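Structure at a glance
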Amino acid sequence: MQRGGGPASTQQCARMARSAVLFLWGECPGTSCGAGKGAAGVPCHPTGTQPSQLTSDPPWTPVFLLEEVKLTCRGSSVPGPTEWYLDEQLWQRTRSDYIYVSKKHPGNSRYQCRSPGARLSPPITLSFSNDWLVLQVPVRVLVEGDELLLRCRGWKDNWITQVQFLREQEVLGGPSWGTELLLPALQLHHGGRYHCQAKVSFILGRQKSVLVTVAVQELFSVPVLHLEGPAEPPEGAPLALGCLSHLSPLRPLARLQHLFYRDEVVVGGPQGSPQLQLPAVGLSHSGNYSCEVRTETASVRKRSALVTVTVRRIPVSGVSLAAQPPGGQVTEGDRLVLGCSVAAGTGPLSFSWHRQGSAAPLATGPHYELRAAQHRDGGHYHCTATNGDTTADSPPLWVTVLVPVAGAAITMERTEPSVPAGDSLNLGCSAPAGESLNLSCSVSAGESLNLSCSVRVGTAPVTFTWLQDGQELSLGPVLSLGTLGLAHTGTYQCLATNRLGAHRVFQARSPVLALLVTQPGWGWQQQGTAMAVGLSVSLLLLLGAAMAWHLQHQRHAAAGKSQGRDPRVTPEPEGRRPEPTAPPEAPGDEEVLYTHVVVTKQGGGTSPSPSRTPRGSPRSGPPQEPSVTYAVLPGPHVRLRLPSDTYENVP
């Protein structure tokens with residue numbers, strides 16, 4: 001129902017007076033600016049100046065006809081006239097910053113202003129009505145989170161009862177004070193068409209207001225979760241999450257809070273910063289991420305879409321093996337430590353140790369230790385690293401166990417002697433009592449002899465030094481003495497040396513070899529002659545003793561038997577040769593190895609005389625082929641090699 005309008009009383013306007021400031025940050029309308037004006041004749045101003053602020057009092061719309069509304073324009077403090085625009089056209093200029101507007105006919109009007117030195121204000125729309133009942137809403141633009149106060153008002157403030165508020169024909173609930181309804185914390189879905197209905201005094205029946213459209217603007221846009229980096233980052237890499245949202249220029253000073261979720265669990269915030277920094281991600285950081293933007297009172301909150309983050313393990317690569325001592329060279333008995341490391345790969349990492357030729361792993365862990373390395377520990381080693389997904393091996397490392405030199409020994413070798421047939425050589429070696437390692441040897445002069453030095457163990461290279469009587473004589477494993485002379489008599493010893501590392505030298509000394517060089521001609525023939533002379537003298541002595549015994553026997557028969565006979569001498573029958581004597585016993589302080597070497601002439605000669613026959617040799621016919629006879633006695637063994645020699649035991 002409509003009626004003719006009339007001016008509203010000053011009291012009515014006073015009762016309705018309520019001021020509100022409209023903060024709208026917008027650009028000049030129109031598509032372009034030319035000569036300082038837009039397409040609709042609205043002037044444009046340089047970018048960077050602040051817009052003017054237009055307020056209304058009372059802050060409601062619609063208002064009844066003839067009611068005055070005070071419009072105030074605030075901007076810079078620059079002096080000058082204020083420009084007023086009606087429906088985007090310059091309406092008037094005033095020296096003051098406010099004007100009063102009213103209408104005699106129903107309708108809508110769009111107002112703007114521009115204060116000196118400021119930009120054009122955002123527009124506000126005022127509606128003028130002559131209905132019996134109107135629904136008044138705030139004239140300012142509403143955004144999310146604002147409160148909406150709905151006022152149901154009768155013409156000339158006539159008393160109204162049984163008030164109801166409806167949105168899209170749906171009755172609204174909420175706090176009501178008769179003619180007003182407060183809707184707190186507006187959301188976007190609260191926008192729509194509203195009206196009220198009530199019973200107005202002096203009017204029959206219930207009255208219904210005109211529909212009023214309420215628009216709710218976004219306070220901020222729906223956030224978008226942005227990953228600064230790949231969605232599948234490698235383990236250990238940093239990850240930055242950004243929650244991007246745009247704040248409405250209608251509320252540029254609104255404070256927003258940001259929260260970050262992983263699988264619906266808060267992992268960051270609430271915080272003012274829109275970013276979340278993860279310095280190093282692990283497998284546990286995989287999941288579905290989202291972010292939320294909300295006001296400080298949480299009256300408005302918006303959630304982003306899900307973003308899936310999958311953290312990948314870095315494949316194991318660049319496996320290397322290090323050794324201490326460096327290079328894997330260790331002296332026998334020393335400590336060796338091997339270490340395994342990877343250039344890339346995320347864990348948990350596990351290590352195993354392997355040796356060529358061994359099927360089972362030697363050990364597990366990043367280190368492998370040999371507390372006292374032995375020669376048998378040498379070989380190829382490598383380690384294997386794995387993180388459960390990938391596996392990689394290190395290059396092999398050759399471990400060398402360096403063995404100190406030990407067990408030096410001397411051996412003798414002699415060449416074919418140039419001794420005439422029938423002559424004899426004395427080669428006798430003995431070990432002094434209590435010194436089983438040292439050795440004494442007797443060699444005839446004129447013989448050629450080589451001494452060789454060897455070691456039982458020792459890492460090459462091994463050097464050999466020969467000592468004669470404690471003085472350095474020669475270098476090398478073989479000492480060639482050549483043809484022996486009396487000057488070669490002395491003590492011989494070899495010194496074996498090997499160097500293990502830069503500063504470690506090991507030495508081993510051989511047992512001492514005492515070499516006695518004797519003159520030739522003192523063989524079995526000379527000894528046989530001496531034996532014959534000795535036997536002749538012994539026979540003469542025995543004959544004299546027998547005669548003396550016979551005389552004494554007659555005088556002193558009983559006494560002569562006991563005193564005249566020599567128990568050490570047994571008379572030999574006439575014409576009988578003496579029995580061969582047993583080989584000489586070894587002296588008490590040494591053990592003889594070889595003695596009395598006899599060279600026998602070839603067949604066709606006569607039998608050697610008794611004086612040239614070796615003691616203890618059995619009688620036999622002339623030999624038919626040359627031979628060399630050695631008397632071999634138990635004792636330490638010395639190598640005496642001669643290709644043409646023959647050996648036999650002499651009883």
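The rules we used
- Residues numbered from 1 in each chain as written.
- Predicted model: local features only at pLDDT ≥ 70, side-chain atom pairs only at ≥ 80, totals over all residues.
- Heavy atoms only, no water.
- Helix = DSSP H or I, 4+ residues; strand = E, 2+ residues; numbered from the N terminus.
- Buried < 20%, exposed > 50% of the residue type's maximum accessible area, 1.4 Å probe, protein only.
- Contact = heavy atoms within 4.5 Å.
- Areas by Shrake-Rupley, 256 points an atom, 1.4 Å probe, with all protein chains shown as cover.
- Polar contact = N/O pair within 3.5 Å; in protein donor to acceptor, adjacent residues only side chain to side chain.
- Disulfide = S-S within 2.5 Å.
- Phe/Tyr/Trp six-rings, centres within 6.5 Å; stacked < 30°, edge-to-face > 60°.
- Lys NZ or Arg CZ within 6 Å of the ring centre and 35° of its normal.
- 1 Å grid on protein atoms, 1.4 Å probe; cavity = no way out; pocket = protein on both sides within 12 Å on 5 of 7 lines; lining within 4 Å.
- Points joined across faces, edges and corners; volume = space filled by probe spheres on them.
- Nonpolar A, V, L, I, M, F, W, Y, C, P; charged D, E, K, R; others polar.
- Pairing = 2+ DSSP bridges.
- Axes fitted to C-alpha atoms, helices over the stretch in contact; angles between N-to-C directions.
- Salt bridge = Lys/Arg side-chain N within 4 Å of Asp/Glu carboxyl O.
- pLDDT = per-residue confidence, 0-100.

The next thing to look at is the overall build of the chain. Assigned secondary structure in the chain consists of three helices and 50 strands. Of all 651 residues assigned to the chain, the portion counted as buried reaches 38%. Taking all contacts inside the chain whose residues are at least 6 apart in sequence as the whole, residues at least 24 apart take part in 66%. Here the chain displays about 35600 Å² of accessible surface, and carbon together with sulfur accounts for 55% of that area.

Here we come to the environment of R93. Within the secondary structure layout, R93 lies in strand β6 (residues 89–94). Separated by twelve residues in sequence, R93 and P81 place their C-alpha atoms 6.0 Å apart. Apart from the residues within four sequence positions on either side, R93 is in contact with P81, T82 and E83. Here E83 takes part through its side chain, which lies 3.4 Å from a polar atom of the side chain of R93.

On to the state of the cysteines. Scanning the model with the defined rule gives five disulfides in all. A sulfur-sulfur separation of 2.1 Å characterises the disulfide bridge that pairs C152 with C196. In this structure the cystine formed by C152 and C196 twists about its S-S bond by roughly 75°; its chirality is therefore right-handed. Of this pair, C152 sits in strand β12 (residues 148–154) while C196 is found in strand β16 (residues 192–200), placing the two residues 44 residues apart along the sequence. Judged on exposure class, the residue C152 and its partner C196 are both buried. Covalent S-S linkage joins C243 and C291, the inter-sulfur distance amounting to 2.1 Å. As the torsion about the S-S bond is roughly 75°, the C243-C291 disulfide counts as right-handed. With C243 in strand β21 (residues 239–244) and C291 in strand β25 (residues 287–295), the pair connects residues that are 48 residues apart, well separated along the chain.

Attention now goes to the packing of aromatic side chains. Here the structure, examined in full by the defined rule, presents five aromatic pairs. Summarising the aromatic geometry, the rings of Y98 and Y100 are spaced 6.1 Å apart at their centres and angled 85° between planes, so their arrangement reads as edge-to-face. Each member of the aromatic cluster is reached from another via a ring pair, and the members are W353, Y368 and Y381. It is K70 that lies over the ring of Y98; its NZ or CZ is 4.7 Å from the centre. Directly above the aromatic system of F220 lies the positively charged group of K302, at a separation of 5.0 Å from the ring centroid.

Taken as a whole, the second largest pocket spans an internal volume of roughly 810 Å³. Together, 36 residues line the second largest pocket, and T61, S127, V137, V212 and T213 are the ones closest to its centre. Breaking the lining of the second largest pocket down by element, the ones donating at least two residues are β8 (107–114), β9 (124–129), β10 (133–138), β17 (206–208) and β18 (212–214). When its residues are assigned to classes, the lining of the second largest pocket shows 21 nonpolar, eleven polar and four charged.

This next bit is on the sheet that holds β6. Strand order in the open sheet made by the five strands is β3-β9-β8-β5-β6, with mixed pairing throughout. In this open sheet, the two edge strands, each paired with only one partner strand, are β3 (63–64) and β6. Pairing between β8 and β9: five bridges, direction antiparallel. Residue Y111 lies in a different strand from β9, and its bridge partner there is I124.

Our next topic: the sheet that holds β21. Within the open sheet, the three strands sit side by side as β20-β21-β24. Their pairing is antiparallel. Among the strands making up the open sheet, the edge pair consists of β20 (224–228) and β24 (275–278). Sheet twist, expressed as the mean angle between neighbouring strand axes with direction ignored, is 20°.

So, on to the pattern of salt bridges. It is possible for side chains of opposite charge to pair when their charged atoms get near one another. In this structure the tally under the stated criterion is 19 salt bridges. Between R140 and D146 there is a salt bridge; the shortest N-O distance is 3.5 Å. Notably, a salt bridge pairs R504 with D334, separated by 2.4 Å at the nearest N-O pair. Note that R504 is positioned in the loop between β45 (490–499) and β46 (505–509) and D334 in the loop between β29 (329–331) and β30 (336–341), a separation of 170 residues in sequence. It is possible to trace a salt-bridge network through shared partners that takes in E67, R153 and D157.

Further remarks concern the side chain of Q187. With respect to the helices and strands, the residue Q187 is situated in the loop between β15 (180–183) and β16. There is a polar contact of 2.8 Å between the side chain of Q187 and the backbone oxygen of S299. Contacts of Q187, omitting those with residues within four sequence positions, involve E144, V216, S299 and V300.

Regions with low pLDDT should not have their predicted coordinates read in detail. Here the chain averages 75 in pLDDT, and 68% of its residues register 70 or above. Ranking the helices and strands of the chain by mean pLDDT puts strand β22 (residues 256–262) first, with 96, and helix α1 (residues 10–16) last, with 34. Below pLDDT 50 for its whole length, residues 558–651 participates in 146 contacts with residues either more than four positions away or in separate chains.

If you trace the backbone, H190 turns up in the loop between β15 and β16. Of the polar contacts made by the side chain of H190, one reaches the side chain of H189; its length is 3.3 Å. Not counting residues within four places of it along the chain, the set of residues in contact with H190 comprises R167, A185 and V216.

Alignment of strand β13 (residues 160–167) against β16, held across six bridges, turns out to be antiparallel. Each residue of the ladder has a partner; that of I160, found in β16, is V200. With three bridges joining them, β16 and β18 adopt antiparallel strand pairing. Looking at the pairing, R193 lines up with T213 of β18. Turn length for the β16-β17 hairpin, with the two strands adjacent in sequence and antiparallel, is five residues, and the turn residue F202 shows positive phi of about 70°.

Across six bridges, strand β31 (residues 350–355) lies against strand β34 (residues 379–386) in antiparallel orientation. Note on β34: the bridge partner recorded for S352 is T384. In this structure, β31 lies alongside strand β32 (residues 363–364), joined through two bridges in antiparallel fashion. What sits directly across from W353, in β32, is A363.

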